[in-house]
Amino acid sequence: MIKHLSKTALLLIALAGCKSRDEVSKQPEDALKAAVKHYEYLAAQVEPGKYPKTYHANKKQLETSGSDWWCSGFFPGTLLYLDEAQNAPHLKEKALAVLEDLKREQYNKTTHDLGFMMYCSFGNAERLNPKKEYEDVLMQSAKSLITRYKPAAKCIQSWDSAPWNNAGPDEMPVIIDNMMNLELLFWASKFSGDSTYKSIAINHANTTMLNHFRPDYSTYHVVIYNKNTGKATKRITAQGTADNSSWARGQAWGLYGYTVMYRETKDDKYLQQANHIANYILTLPTMPKNLIPYWDYQAPGIPNALHDSSAGAITASALIELSGYVDKELSAKYVNAAKTILTALSSPEYFAEQGTNGGFLLKHGVGNMPNKTEIDVPLSYGDYYFVEALMRYQKLK
Ligand code: GLY
């Protein structure tokens, strides 16, 4: 049929092709602009003392939590990022009001996720506007977090209750997600001059590197340790499809976590670890073309399994940072992969239309499939790492 088209028609088609390529590369920037409007809407729905978790489209209902939920730092963190990127002082004002409520969690010793909760929120507030008030909260949070460190096992305990029946009193779980809580500890050592926090972070990362990873650099979700001997006794999953599978968000947390470890220590072994994890993810035969992972890289039903937009967002953000630490060729590979992810997440398939999705940015996140909770929904952490990745991507340019 093409031979029947005039030269003019062919030229128009070629130009249209160029235009759509330009539009694709503009999508990430446009998403950041649009995000402000989404979060204005979301912020207006959230009552004081409540934290947005997700939105149930079928019931048109926003689900919120209290400040003790592991995700409480993401909402104020996203508001602060959006003010930083787009100059949205009304969002910053909301963020600061949320911090007033969230600060009570600095004393919480029952969670390993205090890094997520306090560093994504107060950490950003302190970075943008250093203040004694934030510093005190962050220091106390770091103190609370290290109470969970078990010297014999050389790592920070995750949940207090083991995720299976008949756990022995000496058994404790550590999840790969816990790598994300270490950034707070590096900040605490830098700020206070006390190296205890940093040493604990390094020990935790080394122990995790030793016990969580398989020879192909995929990661188990949960490793069970004996608290007294430090021996790793079981390797299981909580949020993946099987003990031996690669839960997609877990791989993303590992990639992000070891990238931060390299940033903070400049120890080459962490850079190698992050590169190996990136290579595992990017060469998987089950990685979809748009690089938005299935919720588990071995999920049943692939290619019809659900994707997890949050795993995509975390992976993109980590790859952009990692691209700054490697040679030119690898760097270009990571940036291209991140761009592919961000382009997909900024497209209508993933980026919600204004006034839908409860104000959240991303659709199609998977929280906890085995638990049958938060499936194919927006997630506050998906939005946080998406906005972070967009900002990092903009800075590259
Ligand atoms: N435990 C944190 C997560 O669901 O990724």
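Anything mentioned here points back to the structure above.
Residues numbered from 1 in each chain as written. Predicted model: local features only at pLDDT ≥ 70, side-chain atom pairs only at ≥ 80, totals over all residues. Heavy atoms only, no water.

## Considering the overall build of the protein
The helix and strand tally for the protein stands at 12 helices and nine strands. Since a compact globule built from 397 residues should have a radius of gyration of about 21 Å, the 21 Å found for the protein is in line with a globular shape. When the backbone C-alpha atoms are referred to their principal axes, the protein occupies close to 80 × 45 × 45 Å. When each of the 397 residues of the protein is scored for burial, the buried share is 55%. Residue pairs at least 24 apart in sequence account for 65% of intrachain contacts in the protein once pairs closer than 6 positions are excluded. Here the protein has roughly 17000 Å² of accessible surface; of this, 53% comes from carbon and sulfur atoms. Placing the 43 positive and 41 negative side-chain charges of the protein at their respective mean positions leaves the two points 3 Å apart. (Helix = DSSP H or I, 4+ residues; strand = E, 2+ residues; numbered from the N terminus. Rg over C-alpha atoms; globule rule 2.2 N^0.38 Å. Buried < 20%, exposed > 50% of the residue type's maximum accessible area, 1.4 Å probe, protein only. Contact = heavy atoms within 4.5 Å. Areas by Shrake-Rupley, 256 points an atom, 1.4 Å probe, with all protein chains shown as cover. Lys, Arg positive; Asp, Glu negative; His and termini not counted. Charge placed at Lys NZ, Arg CZ, Asp CG, Glu CD.)

## Quick word on the pairing of strand β1 (residues 51-56)
Of all six residues in β1, six are buried; the element is thus mostly enclosed. Connecting β1 to the antiparallel partner strand β2 (residues 61-65) that follows it, the hairpin turn spans four residues, and Lys60 within it adopts a positive phi of roughly 50°. (Pairing = 2+ DSSP bridges.)

## Digging into the pattern of salt bridges
Pairing between side chains of opposite charge can happen when the charged atoms of each approach one another. If you walk through the whole model with that rule in mind, you get 16 salt bridges. Where Lys103 meets Glu100, a salt bridge forms, and the shortest distance between an N and an O atom there is 3.1 Å. Salt bridges here are not isolated pairs; linked through shared partners, they connect Glu183, Lys190, Arg263, Glu264, Glu321, Glu388 and Arg392. (Salt bridge = Lys/Arg side-chain N within 4 Å of Asp/Glu carboxyl O.)

## A few points about the pairing of β2
Direction of pairing for β1 relative to β2: antiparallel, over a ladder of five bridges. From the neighbouring strand, His56 faces β2, where its bridge partner is Gln61.

## Some remarks on the sheet that holds strand β7 (residues 232-236)
Across the sheet, three strands lie side by side as β5-β6-β7; this open sheet has antiparallel pairing. In the strand order of this sheet, the two ends are held by β5 (171-175) and β7, each with one partner. Across the sheet, the mean angle from the axis of one strand to that of its neighbour is 25°, orientation sign disregarded. Of the strand pairs in this sheet, β5 and strand β6 (residues 222-226) are connected by five bridges, and their pairing is antiparallel. Bridging from a neighbouring strand, Ile175 pairs with Val222 of β6. Strands β5, β6 and β7 of the sheet are contacted by helix α7 (residues 196-211), whose axis makes an angle of about 110° with β6. (Axes fitted to C-alpha atoms, helices over the stretch in contact; angles between N-to-C directions.)

## Details of the environment of His90
Considering the arrangement of structural elements, one finds His90 in helix α3 (residues 89-102). Assessed through its relative accessible area of 39%, His90 is described here as partly exposed. Expressed as a C-alpha distance, the spacing of His90 and Ala43, which sit 47 residues apart in the sequence, is 9.8 Å. Excluding anything up to four places from it in sequence, His90 contacts Val36 and Glu40.

Taken by themselves, the reported measurements are silent on function.
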